[in-house]
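# A look at the structure
Read off the chains here:
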Amino acid sequence: MKKGPLETLITGVDTRTSHSQVVDVLGRAIISGEFPVGTILPGDQELAMRFKVSRTVLREAMKTLAAKGLIVPRARIGTRVTARNQWNLFDSDILTWHFHNGIDEDFLTHISEVRMAFEPHAAALAAIHATEAEISHMMRLAVAMGDPAHTPESLAVADLRFHLAVAEASANPFMRSVGSLIEAALVGIFKLSSPAADREGIEDVSRNHIRIVEQISRRDEAGARAAMEVVIRVGRARVRVAMDDTPETVAG
């Protein structure tokens, strides 16, 4: 299974194929501006020699980057880097490359805004559709977030599992499709400021998530929505405080 941005950040394990290595290096170079918008990438022969891969592998990598909206091939011109508004920002690779190249407050703010548009509604839908088994599962995940033995890494994983479980319980397949965006937001929080640094912080995180499940269990749509909004706001506030104490861009 393909690793998402959180697992990539935590493990740092490189299990990429030649194809994915080419995609990763070129994708990061485009996101970072090494290949600016509107520029033409080096030719196939040059890139194949640079990466020591066959033309076939290179062509497949280019197809992958094109599918993500980063490049477009032009006959007799070459492969051009597309405008940023054509990039698929919901793609987990593109989100990972943004975090690798550096995090700025605007980027995290935009992610939080999209989360606020989706996740509270997912919680409200879960209050309507969640089965008793799903509610029990979400409660176990919320309680487990209060484990004092959590490291920042394990708490980030526990947090992700909870939010994806809520998306699943909404019974709306489109909600699950924003999982990569949720994961990216949690990567940002994890990199900058983790509540696992103190016992009280862990307890607060667990309590806030338990409140979401309690409202879902009561079938209270408005209550579930409000409880999820609190969790997102708290995470965003923690990141803002951390960024006030660090340089404007936090390198990946």
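The shown structure was predicted, so the numbers you read here are calculated from the model rather than taken from an experiment.

## Structural notes on the packing of helix α2 (residues 18-32) against helix α4 (residues 55-67)
- Contact geometry of α2 with α4 gives a least axis separation of 9 Å together with a crossing angle of 50 degrees. Between α2 and α4, the angle is such that the two are oblique. The interaxial crossing formed by α2 with α4 has right-handed handedness. Judged by residue contacts, Ser18, His19, Val22, Val23, Leu26 and Gly27 of α2 engage Val57, Leu58, Glu60, Ala61, Met62, Thr64 and Leu65 from α4.
- Along the lines of polarity and charge, the residues of the contact of α2 with α4 split into eight nonpolar, four polar and one charged.

## Things to note about empty space enclosed by the protein
- Across all of its chains, the model carries four cavities of 30 Å³ or more by this definition.
- Around the largest cavity sit 14 residues that line it, and Asp159, His209, Val231, Gly235 and Arg238 are the ones nearest its centre.
- Within the residue set of the lining of the largest cavity, elements represented by two or more residues are α8 (152-169), α10 (179-192), α11 (199-217) and α12 (221-244).
- With five residues, the single largest contributor to the lining of the largest cavity is α12.
- For the lining of the largest cavity, the class distribution of residues is six nonpolar, four polar and four charged.

## A few points about the environment of leucine 58
- Position of leucine 58 among the secondary structure elements: in helix α4.
- If near-sequence neighbours (up to four positions away) are discounted, leucine 58 is found in contact with Val22, Asp44, Leu47, Ala48 and Val53.

## Observations concerning the nonpolar core
- Formed by 30 residues in total, the largest nonpolar core has its most connected members in Ala130, Met138, Phe162, Val166, Ile212 and Ile216.
- Those elements that provide at least two residues to this core are α6 (105-129), α7 (132-144), α8, α11 and α12.
- For this core, the element with the most residues is α8, which contributes seven residues.
- If you look at the next biggest cluster of nonpolar residues, it comprises 22 residues, including Ile31, Ala48, Phe51 and Trp97.

## Considering the confidence of the model for the protein chain
- The share of residues in the protein chain with pLDDT of 70 or more is 84%, and the mean pLDDT across the chain is 86.
- When pLDDT is averaged over each helix and strand of the protein chain, the minimum, 59, is found for helix α1 (residues 5-11) and the maximum, 98, for α7.
- In this model, residues 247-252 is a region of pLDDT below 50 whose contacts with residues beyond four sequence positions or in other chains number 16 contacts.

Cut-offs and rules
Residues numbered from 1 in each chain as written. Predicted model: local features only at pLDDT ≥ 70, side-chain atom pairs only at ≥ 80, totals over all residues. Heavy atoms only, no water. Axes fitted to C-alpha atoms, helices over the stretch in contact; angles between N-to-C directions. Helix = DSSP H or I, 4+ residues; strand = E, 2+ residues; numbered from the N terminus. Parallel < 35°, antiparallel > 145°, perpendicular 65-115°, else oblique. Left-handed = near helix turned anticlockwise from the far one by under 90°. Contact = heavy atoms within 4.5 Å. Nonpolar A, V, L, I, M, F, W, Y, C, P; charged D, E, K, R; others polar. 1 Å grid on protein atoms, 1.4 Å probe; cavity = no way out; pocket = protein on both sides within 12 Å on 5 of 7 lines; lining within 4 Å. Points joined across faces, edges and corners; volume = space filled by probe spheres on them. Core = buried A, V, L, I, M, F, W, Y, C linked by side-chain atoms within 4.5 Å. Buried < 20%, exposed > 50% of the residue type's maximum accessible area, 1.4 Å probe, protein only. pLDDT = per-residue confidence, 0-100.

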